[in-house]
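# Coordinate inspection notes
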Amino acid sequence: MYTSLKKHLTAELQSIEEAGLYKKERIIASSQSAEIEVGGKTVLNFCANNYLGLSNNARIIEAAKKAMDTHGFGMSSVRFICGTQDIHKELEAAVSKYFKTEDTILYAACFDANGGVFEPLFSEEDAIISDSLNHASIIDGVRLSKAKRYRYANADMNELENCLKEAQAQRFRIVVTDGVFSMDGNVAPLDKICDLAEKYDALVMVDECHSAGVVGKTGRGVNELFDIYGRIDIHTGTLGKAFGGGIGGFTTGRREIIDLLRQRSRPYLFSNSIPPAIVGASLELFKMLDESDDLHTALVENVEYFRSKMLAAGFDIKPAQSAICAVMLYDAKLSQDFAASMLDEGIYVTGFYYPVVPKGQARIRVQLSAAHNKTHLDKCINAFIKTGKRLSVI
Ligand SMILES: *Cc1c(COP(=O)(O)O)cnc(C)c1O
């Protein structure tokens, strides 16, 4: 049997390779940080989701070790059988406090949070209205529910309004959007989305993976940025980006919604509990964020510094209020040559092109971090300028 499948897979892999879409993984021989070891060389990392620079934080590592000493290594259980420890409940409370929501449910990843949120809440009588650039896990989660699906062009409020009008035929309606879209770094206009949702009697859900810890005056996410506390019904998020970069996800929001998810959400009911080390580390992380906004302040300063220097150098950067800077090159091959040349200069960035972004919209995506210092930023900017001149981009 495998002989014919193998032949098929070999051809499939070859076509991926020929299309230039084969994803090769670079091997990092150090911890995740601003400076990493890649291929025997130290390079500056500008493509991690390590927004607050916590992936390698000593206090968090210590908390993870401590939690293993007090609470062991693994849970060997789902939450509702014998997989809930005191610290799981403490972490859920810490997330609720951070977002000012009523309750929180933990998942193994945000992919699971998004995969398990729609099916228990919405049926064929209901409508899910989704932004066209929403994350793959939202798309998959929506597919698992029987609700009627609507899609609007990225952040297009006219199209959203039309969807909402059409969806009046359904029982319940929910608008779902990423908080920050990962390819352009743009923030969803959640103030306007909330206004429309109120006008057309719809719920609002936001995926905060790239917005929590990043946007808003102190990094508290879209609620803080738009001052819309109490107007968003469901937030999903990850512990794998700004919040330490380990693993884990959560859904936080209205009490009854979270309660029902504990009863019916399949990735919660049928998958293992988050291990104590992650939970203990995450508790320390929210304590740190509660004590001080310094990391967020450093991140914002880095973003502003980088953006202003790059714009002054003549680069075309998408306007964004997040820690993602899309340096537009438009041409696919140029984006690859550019990224390769940056690596030669000791800067690790990624070039994205079709189908990850629309045709003719190739770019280098730069992700800033609180872990970057001025020397790192200047080195990156200078490498951009040198490569940009060499490749006639600026
Ligand atoms: C990264 C990401 C996810 C997945 O989060 P994990 O915790 O890594 O599974 C979901 N949604 C968005 C918008 C993301 O950027």
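Placed above this text is the structure.
Quick summary incoming for the structure in this document. In this convention, every chain numbers its residues from 1, walking through the sequence in written order. Note on the predicted model: pLDDT of at least 70 is required for a residue's local features to be given, and 80 or more for side-chain atom pairs to be given and counted; whole-chain, interface and lining totals, by contrast, use all residues. Note that the side-chain values use all heavy atoms of the structure and ignore hydrogens as well as water.

Surveying the vicinity of the ligand reveals 13 residues, the closest of which are C110, F111, D207, T238 and K241. Polar contact criterion, stated in full: a pair of N or O atoms within 3.5 Å, where within protein one must be able to donate a hydrogen and the other to accept it, and residues adjacent in sequence count only if both atoms are side-chain atoms. H135 places a polar side-chain atom, nitrogen or oxygen, 3.3 Å from a nitrogen atom of the ligand. Interatomic distance of 2.6 Å between a side-chain N/O atom of D207 and a nitrogen atom of the ligand. Taking 380 Å² as the accessible area of the ligand by itself, protein coverage stands at 83%. Here the shell around the ligand takes three residues from helix α5 (residues 110-115), the largest share from any one element. Gly falls in the polar group here, along with every residue not listed as nonpolar (Ala, Val, Leu, Ile, Met, Phe, Trp, Tyr, Cys, Pro) or charged (Asp, Glu, Lys, Arg). Looking at side-chain class alone, the shell around the ligand contains four nonpolar, six polar and three charged residues. We call a residue near a molecule or strand when any one of its heavy atoms sits within 4 Å of it. Exposure was quantified through the Shrake-Rupley algorithm and a 1.4 Å probe, taking into account, for residues, occlusion by the shown protein chains and nothing else. Comment: elements are numbered from the N terminus, with helices defined as DSSP H or I runs of at least four residues and strands as E runs of at least two.

Turning our eyes to something else, we now look at helix α2 (residues 58-71). For a helix, the expected span equals 1.5 Å multiplied by the residue count minus one. In this model α2 runs 20 Å from its N-terminal to its C-terminal C-alpha over 14 residues, within 8% of the 20 Å that 1.5 Å per residue would give. Buried within α2 we find I60, A63, A64 and A67. On an axial view of α2, the arc spanned by its buried residues comes to 100 degrees, and they lie on one face. Turned more than 90 degrees away from the buried face of α2, the exposed residues are A58, K66 and D69. Lining the buried residues of α2 we find α13 (276-291). Relative accessible area decides the class of each residue, using a 1.4 Å probe on protein chains only: under 20% of the type maximum gives buried, over 50% gives exposed, and in between gives partly exposed. What the arc covers is the set of directions going from the helix axis to the C-beta atoms. The criterion used for residue contact is that any of the two residues' heavy atoms lie within 4.5 Å.

Counting buried positions over the five residues of strand β4 (residues 127-131) gives five, a clear majority of the element. Neither face of β4 is left uncovered, since the one carrying A127, I129 and D131 and the one carrying I128 and S130 both have all their residues buried. Pairing analysis gives five bridges linking β4 to strand β5 (residues 148-152), with the strands arranged parallel. In the sheet register, D131 faces β5, and the bridge partner there is Y152. Two strands form a pair only when DSSP identifies at least two bridges running between them.

Here we take up the sheet that holds strand β1 (residues 35-38). Here three strands make up an open sheet; going across it, the order is β1-β2-β11 and the pairing mixed. For this open sheet the edge positions go to β1 and β11 (347-348), each flanked by a neighbour on one side alone. The pairing of strand β2 (residues 41-45) with β11 spans two bridges and is parallel. Across the sheet, L44 pairs through a bridge with I347, a residue of β11.

As a further point, take unusual backbone geometry. Trans peptide bonds make up most of the peptide bonds, and negative phi angles are found at most residues other than glycine. For the bond running from Y354 to P355, omega is 10 degrees, close enough to zero to count as cis. One can find P355 in the loop between β12 (350-352) and β13 (362-367). With phi around 60 degrees, A155 is a residue other than glycine that occupies positive phi space. With respect to the helices and strands, the residue A155 is situated in the loop between β5 and α8 (157-166). Positive phi outside glycine occurs at D227, with the angle close to 50 degrees. Mapped onto the elements of the fold, D227 is located in the loop between α10 (222-226) and β8 (234-238).

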